[in-house]
Amino acid sequence: MARSDKINNQTPPQFVGGGKRNRFRRRGNHAPDISDCGFNALLVGNPNTGKTTIYNALTGFNAKVGNYPGVTVEKRIGECSLGESVINLQDVPGSYSLSARSSEEQVAINAIIGREGSEKPDLIIVVLDGLNLERNLYLALQIAEFELPMIIAVNMLDAAEKEKIHLHLDALSEALGLPVVGMAASKRRGLDVLKNAIVKVLNEPDIKRGPGFLWKPSDELDQDLQAVIAAAEKSGLELPKTESARKAFALWLYTSVGDDDELVGIPDQLRTDIDNLYHKALEDGRDPDGEIITARYAYIDRIAKSIVHRPAARAISRTDRIDGVLTHGLWGFLIFAATMTILFQALFAWADPFISAIESAVGFAESAILSLIPAGLFADFLVDGVIAGVGNVIVFLPQIILMFLFITILEDVGYMARAAFLIDGLMRRIGLNGKAFVPLLSGFACAVPAIMAVRTIEDRRSRLITMMVIPLMTCSARLPVYSVIIAAFFPASEKYGPFNIGGLILLGAYAVGAITALLAAAVIRRTILPGKTPALLIELPPYRLPTLQTIGRLTYERAAAFLRQAGTIILACTIVLWALLYFPRNPEYDHDYDAMRVEADGIEEELAVIENMQVSEKLEKSFAGRIGLALEPITRPLGFDWRVNVGLLGSLAAREVFVSTMGVIFGLSEEDSEAGLREKLANAVGPDGKKLYTPLFGLSLIIYFIYALQCFSTVAIIRRESGSWKWAAFALTYTIGLAYFASLFVYQGGKLLGFS
Amino acid sequence: MTPLSKLKTNKTAVLEKVEGERRFRRRLMELGLTPGAEIRVIRTAPFGDPIEIEVRGFHLSLRKAEAARIKVLPLH
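Residues numbered from 1 in each chain as written. Chains lettered and ligands numbered in written order. Predicted model: local features only at pLDDT ≥ 70, side-chain atom pairs only at ≥ 80, totals over all residues. Heavy atoms only, no water.

## With respect to the sheet that holds strand β4 (residues 51-55) of chain B
Our working rule: DSSP bridges decide pairing: two strands pair if at least two such bridges lie between them. Helix numbering and strand numbering both begin at the N terminus, where a helix is a DSSP run of H or I of at least 4 residues and a strand a DSSP run of E of at least 2. Contacts between residues were defined by any pair of non-hydrogen atoms, one from each residue, lying within 4.5 Å. Angles shown run from 0 to 180 degrees and are taken between the N-to-C directions of axes, each axis being a line fitted to C-alpha atoms and, for helices, limited to the stretch in contact.
Within the open sheet, the seven strands sit side by side as β12(A)-β5(B)-β4(B)-β3(B)-β2(B)-β6(B)-β1(B). Their pairing is antiparallel. The open sheet has two edge strands with one neighbour each: β12 (538-539) of chain A together with β1 (2-3) of chain B. As defined by bridge partners, β4(B) adjoins strand β5 (residues 58-62) of chain B across five bridges and the pair is classed as antiparallel. Its bridge partner lying in β5(B), B:I51 is registered against B:L62. Lying on the sheet, helix α1 (residues 22-30) of chain B is in contact with β2 (12-18), β5 and β6 (70-74) of chain B; it crosses β2(B) at an angle near 140°.

Now the structure itself:
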């Protein structure tokens, strides 16, 4: 490593604020940016070790979030200031081991050896949880085998003290030959010591390196590893330089690569070679995985004897006592139900004032623009295209923020694991993961935050299946459509026994949506996404108080990611849709509106009616209108005419827009849409005098809305969370296909039965 | 050898072997469920599944079908 710059060598490092930041410059004095900075450090560790809290404390809020190439896991990298110097700190997603089966799990190993979008690290800080040091040491041992500079940070000492667990960190340091820092990051203990240690390690003339292999592989295993190294070299893979690191990487390849892995960047020939080696070992009666893992744990158990001292009598910890209530029978479920109800309330009700505020702000911006810019194409583009588009994006923020505040608090506290534990028995029977419960439930409020919440599920296949069915949960945007249709065709007076027909239909819509979601999941599991359901292994961490900074940062990251990646798509689609509804601007009208205006002689009401008529005809002759007309042959069998088609096109922006678009077509002004549309739909007559729309049509339309993914915000978020357009397109097509045939069935079936 | 799924609440056992598909075995063993490790069953979830166990100082939840692949020697 041609690094001759060193951290500003003033001892001891000063942690006073202010002072010039002395960044490392490469040779040549160009202005530094984050990729120019000298040292790169990694922060790794198990999940639930408080790693994010340490990361926040070290980097403040300057961290940038990006993406590892080809993977939906986020890359978090920021600057950590150490006195007068600055280094790059990358937060690697929490993992129990470096071994990987999917491209997401590969992120850790790639970061350690510096491939696929990561720089080679100069220092690796491993965060361990003081409460279960043994398991945490496994990852540390794996990393140590790469002989890179390391610091061990044992966090959560405060919790360990409470449980009367005694940790001899000096003994740990001696055994591993590495600096060990004790911390309680949530109480801000140990941060300065850690910073000191980082400076010290990076300043060493021969930087102190990890101890390498602390266990001895058997001769057969050694031979296998040499064979893996040879095969890797032959395949052109870049290998680490030192002997120990090459063997460590070979170990990783040996345990991770197999005939059914989903790893990226592994040449096929290498995969075959490693697979053959592994199967040969099995045939010889060996168990390579078992040998490797038990050897590491044997070492850990040996040194743990002098490092970890647990109290002799097993005291019932606070966590155990809380769990006695929370995961137990009736009380557990009541609390679970209460928690889920609060989440539901938050998404349905508490978000409302914020959403209204945003809508008002958007409305205000629109009027402001209209008063500043002369009326015309540009003003319309800005107002109905750009500002409306931005509004369509921002309107999701309250629900996303509330959702993630809720989820991250529950996760930080430790309750999420218990919730999944409680509900998994039920979810498993319907083929879903316990962690899918919260996303599915949230789908009743809005699919967008619900699909974002799916990332709490570890397994990619389960995530995709859940994402594909969430749109079938009846989201709150469908309600305005349902209520207008029901009011128009199923008035409150009609009853079926003691039940109001309209109410029954509404209930039915919710039920059909949810049941179809479960059935769809069952079908997708067996057809489009076959595979094994991986083991549901959830760690149930000790309860602890939430760290507000961590929660704030994680929630902020989710909201920012949404804005950046889904927001742009939503904005673009809004503008396209606006154009379709707006152009051509001056069609050949059937009526002479200007003449009519002159005749109206200044009477306000008449002028308003003329205006609405003109807008309606303009919409009819727009591109959207033409598309609606062109689609009529396909949609007639469902009972939909071109007007409904245009409404459906408009509702792609947001389902509620269906109502306002239909309103405009019927010559209502946008404000009057909801009230007036009811009446218009019920009474509209065609040229032959017969009613255009019937109750059967109403039912058919409701059925269509139950299934169809009529919302490009949902499409955009599926694309974001699944990492490709393929799945977004699939969700769109299968739901619309389902909607089409269901509506067809209901409408034609109804006609056959004599309803109309 | 008893499957872990058959172990009653509050009972402790010593792990003898983990069976099953390669990735499953590897994950469990890397979490510390290695031969010789002590496992204690803490509770069963209300629907009968999953179960919560304690091993190497931490709590893990796993489904009964998965626990059945873990063979243990009960302690008394």
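We are not done yet, so read on.
## So, the pairing of strand β3 (residues 38-44) of chain B
Residues and elements named next belong to chain B. Rules: For each residue, the accessible area found with a 1.4 Å probe, counting protein chains only, is set against the maximum for its type, and the residue is called buried under 20%, exposed over 50%, and partly exposed in between.
With five of seven residues buried, β3 lies mostly within the body of the structure. Alignment of β2 against β3, held across three bridges, turns out to be antiparallel. The residue bridging A13 from the neighbouring strand is I39, located in β3. Judged from the five bridges that link them, β3 and β4 form a sheet pairing that is antiparallel. The residue bridging V41 from the neighbouring strand is I53, located in β4.

## Overview of the state of the cysteines
Residue and element names in this part refer to chain A. Quick note on the threshold: Count a disulfide wherever a pair of cysteine sulfur atoms falls within 2.5 Å.
The full count for this structure, using the stated rule, is zero disulfides over all chains. C573 takes part in no disulfide bond, and the closest cysteine sulfur to it belongs to C711, at a distance of 10 Å. Among the cysteines around C711, which has no disulfide bond, C475 carries the closest sulfur, lying 6.8 Å off. You can call C711 buried: its relative accessible area is 9%.

## A word on the confidence of the model for chain B
In low-pLDDT regions, the fine details of the predicted coordinates are not to be read closely. For the record, the criterion: Per-residue confidence from the prediction method is given by pLDDT, with values spanning 0 to 100.
Averaged over chain B, the pLDDT score is 92; the fraction of residues at 70 or greater is 100%. Reported confidences for the modelled complex are a pTM of 0.84 and an ipTM of 0.96.

## Considerations on the interface of chain A and chain B
Going by this rule: The term buried area refers to how much accessible surface (probe radius 1.4 Å) is lost by two components on association, counted for both of them together. Here a salt bridge means any side-chain nitrogen of Lys or Arg lying within 4 Å of a carboxyl oxygen belonging to Asp or Glu. Any pair of nitrogen or oxygen atoms within 3.5 Å is treated as a polar contact; in protein, a donor-acceptor pairing is required on top of that, and neighbouring residues in sequence qualify only through side-chain atoms on both sides.
On the chain B side, the residues contacting the 51 residues of chain A number 34 residues. Of the roughly 3,800 Å² buried between chain A and chain B on both sides combined, carbon and sulfur atoms contribute 55%. Contact with chain B buries area across many residues of chain A, yet A:R101, A:F421 and A:L537 alone supply 19% of it, more than any other trio. Here chain A is connected to chain B by five salt bridges. For A:D424, the salt bridge identified is with B:R63, shortest N-O distance 2.8 Å. At the boundary of chain A with chain B, the tally comes to 16 residue pairs in polar contact (both at pLDDT 80 or more). Going through the elements one at a time, α3 (133-144), α8 (243-256), α10 (288-307), α11 (318-326), α12 (329-372), α15 (415-429) and β12 of chain A are the ones with two or more residues in the side of chain A that touches chain B. A per-element tally of the side of chain A that touches chain B places α15(A) first, with seven residues.

## Examining the packing of helix α5 (residues 169-176) of chain A against α10(A)
Residue and element names in this part refer to chain A. How we decide: Two helices crossing with the near one rotated counterclockwise from the far one by less than a right angle form a left-handed crossing, whereas a clockwise rotation gives a right-handed crossing. Residue polarity follows a fixed list, in which Ala, Val, Leu, Ile, Met, Phe, Trp, Tyr, Cys and Pro are nonpolar, Asp, Glu, Lys and Arg are charged, and the others, Gly among them, are polar.
Running from N to C, α5 and α10 cross one another at 145°; their axes reach a closest spacing of 8 Å. In the crossing of α5 with α10, the sense of the turn from one axis to the other is right-handed. Taking contact as the criterion, the partners of A171, L172, A175 and L176 in α5 are, on α10, Y299, I303, S306 and I307. For the contact of α5 with α10, the per-class residue count stands at seven nonpolar, one polar and no charged.

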